[in-house]
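# A structural walkthrough
So you can see what is in the structure, the chains are spelled out below.
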Amino acid sequence: MTRKQKHLLYRILTAAVLFALGRLLPLSEWAEMGVFLVCYAVIGWDIVWKAITNILSGQVFDENFLMTIATIGALILGEHSEGVAVMLFYQVGEWFQSYAVSKSRKSIAGLMDIRPDYANVERNGKLEQVDPEEVLVGDTIVVKPGERVPLDGKIIKGTSALDTSALTGESMPRDVGPGMDVISGCINQTGILTIQTTKEFGESTVSKILDLVENASDKKGKTENFITRFARYFTPAVVFAAIALAILPPLVTGQAFTIWIYRALTFLVISCPCALVISIPLSFFGGIGGASKLGVLVKGSNYLESLSHAETVVFDKTGTLTKGSFAVTEIDPVGMKDKELLELAAYAEDYSNHPISLSIKKAYGKKVDSNRITDVQEIAGHGVQAIIDGEVVLAGNAKLMEKDHIRYTPSNSVGTVVYLACNGSYSGCILIEDEIKADAPDAIKALKEIGVRKTVMLTGDADAVGQKVAKRLGLDQVYTELLPADKVDRVEELLQLKSEKGKLVFVGDGINDAPVLARADVGIAMGGLGSDAAIEAADVVLMTDEPSKIAAVIKIARKTIGIANQNIVFALGVKLLVLILGALGYANMWAAVFADVGVSIIAILNAIRAMRVKKFDSSVH
Amino acid sequence: MKKTIKLIDLDCAHCADKIQNAVQKINGVTSVSVNFLGQKMVLETPDDRFDAVLAEAKALIKKIEPDVTVKA
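The structure displayed is predicted, hence computed values, not measured ones. (Residues numbered from 1 in each chain as written. Chains lettered and ligands numbered in written order. Predicted model: local features only at pLDDT ≥ 70, side-chain atom pairs only at ≥ 80, totals over all residues. Heavy atoms only, no water.)

## What to know about the overall build of chain B
Each helix and strand counted, chain B has 2 helices and 4 strands in total. Helices and strands in chain B line up, N terminus first, as β-α-β-β-α-β. Taking 2.2 N^0.38 as the reference for a compact globule, 72 residues should give roughly 11 Å; the C-alpha atoms of chain B span a radius of gyration of 11 Å, in line with that estimate. Dimensions along the principal axes, computed over C-alpha positions, put chain B at roughly 30 × 20 × 20 Å. Contacts in chain B between residues far apart in sequence, at least 24 positions, make up 60% of those at least 6 positions apart. Accessible area of chain B: about 3300 Å², with a carbon and sulfur share of 49%. Taking the average location of the 11 positive side-chain charges in chain B and that of its 10 negative ones, the two points are 1 Å from each other. (Helix = DSSP H or I, 4+ residues; strand = E, 2+ residues; numbered from the N terminus. Rg over C-alpha atoms; globule rule 2.2 N^0.38 Å. Contact = heavy atoms within 4.5 Å. Areas by Shrake-Rupley, 256 points an atom, 1.4 Å probe, with all protein chains shown as cover. Lys, Arg positive; Asp, Glu negative; His and termini not counted. Charge placed at Lys NZ, Arg CZ, Asp CG, Glu CD.)

## Examining unusual backbone geometry
All names here are of chain A. Look at N423: it is not a glycine, yet its phi comes out positive at around 45°. Within the secondary structure, N423 is located in the loop between β16 (416-422) and β17 (425-436). Residue class for N423 comes out partly exposed when judged on its relative accessible area of 47%. Backbone geometry at E481 places phi at a positive 50°, although glycine is not the residue there. Within the secondary structure layout, E481 lies in the loop between β19 (477-479) and α16 (484-497). (Buried < 20%, exposed > 50% of the residue type's maximum accessible area, 1.4 Å probe, protein only.)

## Details of the interface of chain A and chain B
Listed per partner, the contact involves 25 residues of chain A and 20 residues of chain B. Summed over both sides, the interface of chain A with chain B buries roughly 2000 Å², with 47% coming from carbon and sulfur. Remark: the boundary between chain A and chain B carries 0 salt bridges. For the pair chain A and chain B, the interface holds 0 residue pairs in polar contact (both at pLDDT 80 or more). Elements with a contribution of two residues or more to the side of chain A that touches chain B: α2 (29-56), α4 (80-111), α7 (222-253) and α9 (274-293) of chain A. Residue contributions to the side of chain A that touches chain B peak at 6 residues, all from α9 of chain A. (Buried area = accessible area lost by both parts, 1.4 Å probe. Salt bridge = Lys/Arg side-chain N within 4 Å of Asp/Glu carboxyl O. Polar contact = N/O pair within 3.5 Å; in protein donor to acceptor, adjacent residues only side chain to side chain.)

## Notes on the pattern of salt bridges
Residues and elements named next belong to chain A. Per the stated rule, a full pass over the model turns up 18 salt bridges over all chains. R11 is paired through a salt bridge with D46; the nearest N and O atoms lie 2.7 Å apart. Of the two residues, R11 is situated in helix α1 (residues 3-24) and D46 in helix α2; the sequence distance between them amounts to 35 residues. Grouping residues by exposure puts R11 and D46 together as buried. In this structure, E433 and K468 form a salt bridge, with 2.6 Å as the shortest nitrogen-oxygen distance.

## Notes on the pairing of strand β1 (residues 2-8) of chain B
For a regular strand, the rule is simple: side chains alternate between the two faces of the sheet. Sheet topology places β1 of chain B next to strand β3 (residues 40-44) of chain B; 5 bridges connect them, and they run antiparallel. Paired with K3 of chain B across the bridge in β3 of chain B is L43 of chain B. (Pairing = 2+ DSSP bridges.)

## A look at the sheet that holds strand β2 (residues 126-130) of chain A
Either a parallel or an antiparallel arrangement is found when strands of a sheet pair, and the pairing is made through backbone hydrogen bonds. Strand order in the open sheet formed by 6 strands is β2-β1-β3-β9-β4-β7 (chain A), and the pairing between neighbours is antiparallel. Only two strands of the sheet have a single neighbouring strand rather than two, namely β2 and β7 (181-182) of chain A.

## A closer look at the sheet that holds strand β13 (residues 373-379) of chain A
Residue and element names in this part refer to chain A. Taking strand neighbours across the sheet as the criterion, the 6 strands line up as β12-β17-β16-β15-β14-β13 in an open arrangement whose pairing is antiparallel. At either end of the open sheet lies a strand with only one pairing partner, and these are β12 (322-333) and β13. Taking the axes of each pair of neighbouring strands and ignoring which way they run, one obtains an average angle of 20° across the sheet. As paired strands, β12 and β17 are joined by 8 bridges and run antiparallel to one another. Note on β17: the bridge partner recorded for E330 is L431. Of the strands in this sheet, β12, β13, β14 (383-388), β15 (391-396), β16 and β17 touch helix α11 (residues 338-348), which is tilted by about 80° from β17. Of the strands in this sheet, β12, β16 and β17 are in contact with helix α12 (residues 355-364), which crosses β12 at around 65°. (Axes fitted to C-alpha atoms, helices over the stretch in contact; angles between N-to-C directions.)

## Let's talk about α1 of chain A
Residue and element names in this part refer to chain A. Between its first and last C-alpha, α1 extends 32 Å over 22 residues, near the 32 Å set by a 1.5 Å rise per residue. Buried residues of α1: Q5, L8, R11, I12, A15, L18, F19 and G22, and no others. An end-on view of α1 places all buried positions within 150° of arc, on one side of the element. Of the residues in α1, the exposed ones pointing more than 90 degrees away from the buried face are R3, Y10, V17 and L24. (Expected span 1.5 Å × (residues − 1). Arc of directions from axis to C-beta.)

## Overview of the packing of α9 of chain A against helix α10 (residues 301-308) of chain A
Geometrically, a packed helix pair is captured by the angle between its two axes and the distance between the axes. All names here are of chain A. Here α9 crosses α10 at 80°, and the two axes come no closer than 10 Å. In terms of orientation, α9 lies roughly perpendicular with respect to α10. Where α9 abuts α10, its residues F284, G287 and I288 lie against S301, L304 and E305. For the contact of α9 with α10, a count of residues per class yields 3 nonpolar, 2 polar and 1 charged. (Parallel < 35°, antiparallel > 145°, perpendicular 65-115°, else oblique. Nonpolar A, V, L, I, M, F, W, Y, C, P; charged D, E, K, R; others polar.)

## Notes on the nonpolar core
In this structure, V298, L307, F315, L447 and I524 of chain A are the most contacted members of the largest nonpolar core, which totals 141 residues. For F315 of chain A, the contacting residues outside a window of four places in its chain are T320, L321, I444, L447, V456, M457, L458, L475, F506, V507 and I550 of chain A. Counting 33 residues, the second largest nonpolar core, distinct from the first, contains L282 and I604 of chain A together with A13 and L43 of chain B. (Core = buried A, V, L, I, M, F, W, Y, C linked by side-chain atoms within 4.5 Å.)

## Considerations on the domain arrangement of chain A
Residues and elements named next belong to chain A. For chain A, the assigned domains read domain 1 (3-109 + 217-284 + 558-618), domain 2 (119-150 + 152-198), domain 3 (296-321 + 437-543) and domain 4 (323-434). A C-alpha centroid distance of 46 Å is found between domain 1 and domain 3. Listed per partner, the contact involves 11 residues of domain 1 and 10 residues of domain 3. Around 900 Å² of area is buried between domain 1 and domain 3 when both sides are counted, 47% of it from carbon and sulfur atoms. When residues of domain 1 are sorted by the area they lose upon contact with domain 3, K219, F284 and R558 head the list and together hold 62% of the total. Where domain 1 touches domain 3, the interface holds 0 salt bridges. Scanning the region where domain 1 abuts domain 3 turns up 5 residue pairs in polar contact (both at pLDDT 80 or more). Elements that contribute at least two residues to the side of domain 1 that touches domain 3 include exactly α7 and α19 (548-584). Grouping the constituent residues of the side of domain 1 that touches domain 3 by class yields 2 nonpolar, 4 polar and 5 charged. (Domains from an automatic or database assignment.)

## Quick notes on the packing of α7 of chain A against helix α8 (residues 257-270) of chain A
Residue and element names in this part refer to chain A. Interaxial distance between α7 and α8 falls to 8 Å at its minimum, and their mutual angle equals 175°. Of the possible angle classes, the one that applies to α7 and α8 is roughly antiparallel. Seen from α7, the contacting residues are F234, V238, V239, A241, A242, L245, A246, I247, P249, P250 and L251; seen from α8, they are F257, W260, I261, R263, A264, F267, L268 and I270. Residue composition of the contact of α7 with α8, by class: 18 nonpolar, no polar and 1 charged.

## What about the packing of aromatic side chains?
Residues and elements named next belong to chain A. Under the definition given, this model contains 10 aromatic pairs over all chains. Taken together, a centroid distance of 5.3 Å and an interplanar angle of 5° make the contact between W95 and Y99 stacked. Remark: Y99 and W95 occur in helix α4; sequence separation between them is 4 residues, near one turn of the helix. Cluster of aromatic residues (ring-pair linked, three or more members): W95, F96 and Y99. (Phe/Tyr/Trp six-rings, centres within 6.5 Å; stacked < 30°, edge-to-face > 60°.)

This is the structure we're talking about:
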């Protein structure tokens, strides 16, 4: 509780005691009025004071002023206990509202509690604890177990496991060792790490993420803008209605003014639009905070709104649905075992750093004894020739086989094929493909399940490869062999085809897809851990690179919009109902206070639900 | 020049909107956005006007919501 909240709480308790005394003690009429007036002064002095100062500075439709008029009006009409009670309950509501808002502020801040407090920097051979902002690029910092990595850098010494869950929602720790890059915001779990910083704090991942999420609520969605605009007209409208209600009916019907003035006063109590104005942005903020807990950064409420209407989802292939790294998927030997063929290939490709060679060496998994290899020759555009254990080994594409007149069996597999020959006779082939991400098939299925109408894949890759991937994933449509500019054209076409309300979402790896990310209604980028380009270009960033998070964030978006709409309907509905009942004389000021602060509190509690997103996380089983 | 200014004890969402509207109208403001949940205001002005705008904004905020403490 803040000091202000505590102070108000004491005043509420004092006033409540006085109010009870006034009601319960057998006092004379004058004494009772005296007690109520003291009570009113205790609980309402600041409201009255603010009302006066605001009027003097020219603000008429201020809630303090309206509450003052309503309660003093009730006192003058002789409704002493009611006038005091309304003020008391108004303050109880204010207190509760302030408490609920600061609570939710804290829990949202907790969701994003990734800011490192200090850095242990090595200066003149000694460790010093400093503010992360004071660390320069190239400084050496030490991160002990249990501490947060304060800046992005490269590990010089030490191995450890890093908990990246605050950034990615991923609960499996990542093993790191010397030479590896680490990003700020992760928690070091086991060993001591010595890190050379590569970025200053302001440029480090943790700052960028915090900045992005904290400012996300600045980009307001349509719902939010509507409510803000609505609020500006609501209060004056209700006040004018109240004035009309106080004057016109008595003149027409000849009834007593006091009845209608009392009814008008109930109008004033309802006129504050606070419930709406607080709960709508709170819902969106909760949704954005919740999404960031799953490792999905959403840059604004407006994107949550668009995502909730996702109709077409367009994917880039490489790096989005596939890993963008090559792996051996098939080994087809002739006259030897799988292992032997793989060993032969690994030795032949040992000197090359081409992605294809790397994938073969990775599949082989054992250390290559370079003493067995002599005389390696690269034949550009064909492959390599190497002497291994005195035997001439050829490894390369079909052209290499043809050049050396080797009788080989052409493979009709889709992907990259490496043919091998030993001493002039064919020994088999190895198929290398870009691996489909483990969760990609589920990601597409989940999108279908939540009602996305069309899933499309765009790729610059060969038609056969693209078709195969699309078929395996169950995508509706695929465009292959596209140049970067073609991708924009295809997205334009798809934008024409979708329905008016539906939105087109483009998912790419963020590095070379910037124009398409910008053109789509919502651009989602694979953030990779800490890829700057992606974080800047896209509207939504998936920190774990898992396409299955797309369905999750669409669900979060829908839930958030649902909550916001519930709040609008509920708050406006109750207020309208009480206004009508008040005008007809069925609702008294008590009901009006409920319609004001009671509704606010319920709407805030409802908004807080938007933060709970655990069940949308498909990666938690 | 763009700077984030803390608005301590900003407790009323409606007032946040009022503050934003009022500060927007100050001569020399390029952009301003009041963040109720973050209890802060991001104010952008030409470099030479910043201090003057901030002083004017402080006075306006004091008028709209006396409880709020402005901390640059």
